[in-house]
Amino acid sequence: MRWVEIVVLGDDDERLARLARQLRREFAERELETRPVAVDAPANSKGDAAAVGAIAVALVGAGGMIPTLIAVLRDWLGRGTGPERISIKLGDDSIELDRPSFDEREQLLQAFLAKHSDQ
């Protein structure tokens, strides 16, 4: 099973934890398996902010999961209540997306995830 790590970026630990819980619920509603994940905190974050705002999503049969993962992220970020930025990591490769331009970056995210779907 492969896991894609999603880190909600920001400087308010409580907000990051709340947003990560909300995102995990949305993945669960779409029957995507998630787990918390420990990652290195960004240089300018307070405390262990990345750990409270980080989750991993299982990519089982990645071809079918990738469109669902993208749809959940697009909807969640598009509501305007989400974070300004998220980081997505698969293996040693990562990408950062910000909310205002997520629609423009959807193809970039699809290409990023597809690149890893057959590894």
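If you're wondering where the values come from, they're calculated on a predicted model, not measured in any experiment.

Novice: Explain the pairing of strand β4 (residues 85-90) here, please?
Specialist: The side chains of a regular strand alternate between both faces of the sheet. Inspection of the sheet shows strand β1 (residues 2-9) paired to β4 by 5 bridges, in the antiparallel sense. Paired with Ile6 across the two strands is Ile88, which belongs to β4. Two elements, β4 and strand β5 (residues 93-98), share 6 bridges in a ladder whose sense is antiparallel. Bridged to Ile88 within β5 is Ile95. Remark: 2 residues form the turn of the hairpin made by β4 and β5, two consecutive strands paired antiparallel; Gly91 in that turn has positive phi of roughly 65 degrees.

Novice: Looking at this structure, how should I read the nonpolar core?
Specialist: A general trend in soluble globular proteins is that nonpolar side chains are found buried together. Of all hydrophobic cores here, the largest spans 27 residues; its most connected members are Ile6, Phe27, Leu73, Ile88, Leu109 and Leu113. Sorting the residues of this core by element identifies β1, α1 (13-29), β3 (54-59), α3 (62-78), β4, β5 and α4 (102-115) as the ones contributing at least two each. Here this core takes 7 residues from α3, the largest share from any one element. Contacts of Ile6, omitting those with residues within four sequence positions, involve Leu23, Phe27, Gly53, Ala54, Ile55, Val57, Leu69, Leu73, Ile86, Ser87 and Ile88. In this structure, Trp3, Val7, Ala54 and Ala58 belong to the second largest nonpolar core, which totals 7 residues.

Rules used in this analysis
Residues numbered from 1 in each chain as written. Predicted model: local features only at pLDDT ≥ 70, side-chain atom pairs only at ≥ 80, totals over all residues. Heavy atoms only, no water. Pairing = 2+ DSSP bridges. Helix = DSSP H or I, 4+ residues; strand = E, 2+ residues; numbered from the N terminus. Core = buried A, V, L, I, M, F, W, Y, C linked by side-chain atoms within 4.5 Å. Buried < 20%, exposed > 50% of the residue type's maximum accessible area, 1.4 Å probe, protein only. Contact = heavy atoms within 4.5 Å.

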